[in-house]
Each structure stands twice: as C-alpha cells, then as structure tokens.
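Now for the letters of each chain:
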Amino acid sequence: MTSSGPDLEIGASEPELINLDPATTAAVRRVIAMAELRDFFDTSFRVLADTIATQRVAIVGPAFCVYHGTPGQTQDLEVGFVTDRPVHAVGDVVVGSLPGGNVARLTHFGSFDGLESSWQRLQSWLEGRGLSGSDVRWECYVTQPTPDMDPRDLRTELNWPVTD
C-alpha cells in the first residue's frame, strides 16, 4: 500500500499465533482520557527511565503499552519496559508483567494513526479462526519514535492473548 502522507497507515505483517513466556516489567498504570495519551506516555517513560537506571535494572525489550478492557472515552493503560528482574516500587512505578501463553501477533508498519485498523485486522483474523482475544492486549514499540523521524519507519508489534 502506498501512502500520500505521514499520517496514513502503511501496512502490517501477516498475523500469526505464537507462544510466549510471561515477562516481568517495570510499569506505570493509570486510567486516562484518550486525549491525555501523549502526555501520559511522555511523563511515564521519563519516570520509568529514571527509576530503572537508579535501581540498575536492565531493560530487555522495547517499550510497551497494555490496554486493559475495551477502549472508550477513557482507557486503563499500563506502559513500561520488560526488565531482567523486578523493580522496587517507587512513586508511580510498579512491578508488572506481560502474560504468557498463546498470543495472536502482527507487526504494524507506519504511523501510530493506522494502529486501529491493524488491531481490527488482528481481531478479524482471530474471529476467522474461531478464536477469541482476551480483554488485555498490548503494543510493543519496536522502533523508538523521535521528533525528526519519518513516521513510515515506525514498527509496532500488536499482541493479543488468545482465550481458550
């Protein structure tokens, strides 16, 4: 698919079913209005980076955002990093985890603006196979966004645990 501007989705990989081990995380969790998303991410990742560095905990995976429940006007979000061991809870930073088990995954290529259609594609893929996704799902930000980057270069893994 071609894109005429940086706000358009470029595409996504083919969905696949994988098996993951649970992962320990350092995270910040809060219920926020969707309009506050950018500020929540910016503030949370700064606090997380400081706490992780101070405690000399190693980050062993890309940044992520877990969505708890169904998106609406507000969303229960958890952002953080997979770490080599638990952090000591300080302020808003807590020990968390990413679930293990069977997970439907695809990689979204391009701007964050196209994520919704990639999530819909993953949901359709699940339904087409008679599978159901849990009420918890997460994004892993494979490429770290920077102010001067081309949004078409972004890569985001969408992960949706499968319920039995």
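Described in the following lines is the structure provided in the data block. (Residues numbered from 1 in each chain as written. Predicted model: local features only at pLDDT ≥ 70, side-chain atom pairs only at ≥ 80, totals over all residues. Heavy atoms only, no water.)

### Things to note about the overall build of the chain
Worth spelling out the cut-off: Each helix is a run of DSSP H or I of at least 4 residues and each strand a run of E of at least 2, with the numbering of both proceeding from the N terminus. A radius of gyration in this sense is built from C-alpha atoms; the matching globule rule multiplies 2.2 Å by the number of residues raised to 0.38. The rule is simple: take the accessible area with a 1.4 Å probe, protein chains only, and divide by the maximum for that residue type; under 20% is buried, over 50% is exposed, in between is partly exposed. By definition in these notes, contact holds between two residues if any of their heavy atoms fall within 4.5 Å. All accessible-area figures derive from a Shrake-Rupley calculation using a 1.4 Å probe, and residue coverage is judged against the displayed protein chains alone.
Of the regular secondary structure elements, the chain holds 2 helices and 10 strands. Counting helices and strands in the order they occur from the N terminus, the chain gives β-β-β-α-β-β-β-β-α-β-β-β. Its C-alpha atoms give the chain a radius of gyration of 16 Å, within 12% of the compact-globule value 15 Å for 164 residues. Structurally, the chain occupies a C-alpha span of about 45 × 40 × 30 Å along its principal axes. Taken over 164 residues, the chain has a buried fraction of 40%. Across the chain, contacts joining residues at least 24 apart in sequence account for 75% of those joining residues at least 6 apart. On the chain, roughly 9000 Å² of surface is accessible, and the fraction owed to carbon and sulfur atoms is 50%.

### Overview of the environment of Thr146
As for its placement among the helices and strands, Thr146 is situated in the loop between β9 (136-141) and β10 (155-163). Exposure remark for Thr146: the relative accessible area of 37% places this residue in the partly exposed category. Considered as a pair, Thr146 and Thr163 are 17 residues apart in the sequence and their alpha carbons are 35 Å apart.

### Some details on the pattern of salt bridges
The following threshold applies: Basic side-chain nitrogens of Lys or Arg form a salt bridge, by our definition, when they fall within 4 Å of a carboxyl oxygen of Asp or Glu.
Applying the stated criterion to the full structure yields 6 salt bridges. Across the salt bridge formed by Arg30 and Asp92, the nearest N and O atoms sit 2.9 Å from each other. Taken together, the residues span a long stretch of sequence, with Arg30 in strand β3 (residues 23-33) and Asp92 in the loop between β5 (74-83) and β6 (94-98) at a distance of 62 residues. The class for Arg30 is partly exposed, based on a relative accessible area of 34%.

### Some words on the pairing of β3
Threshold: We call two strands paired when DSSP finds no fewer than two bridges between them.
In this structure, β3 lies alongside β6, joined through 5 bridges in antiparallel fashion. Counterpart to Ala23 in the pairing with β6 is Leu98.

### Here's the deal with helix α2 (residues 115-128)
Here is the rule we go by: Multiplying 1.5 Å by the helix residue count minus one yields the expected span of that helix. Summarising the geometry, the arc corresponds to the directions from the helix axis toward the C-beta atoms.
Under the 1.5 Å per step criterion, the end-to-end length of α2 is 20 Å for 14 residues, consistent within 8% with the ideal 20 Å. Among all positions in α2, only Leu115, Ser118, Trp119, Leu122, Trp125 and Leu126 are buried. End-on, the buried residues of α2 take up no more than an arc of 120°, which puts them together on one face. For α2, the exposed residues lying more than 90 degrees away from the buried face are Glu116, Glu127 and Gly128. At the C-terminal side of α2, Gly130 shows a positive phi close to 70°.

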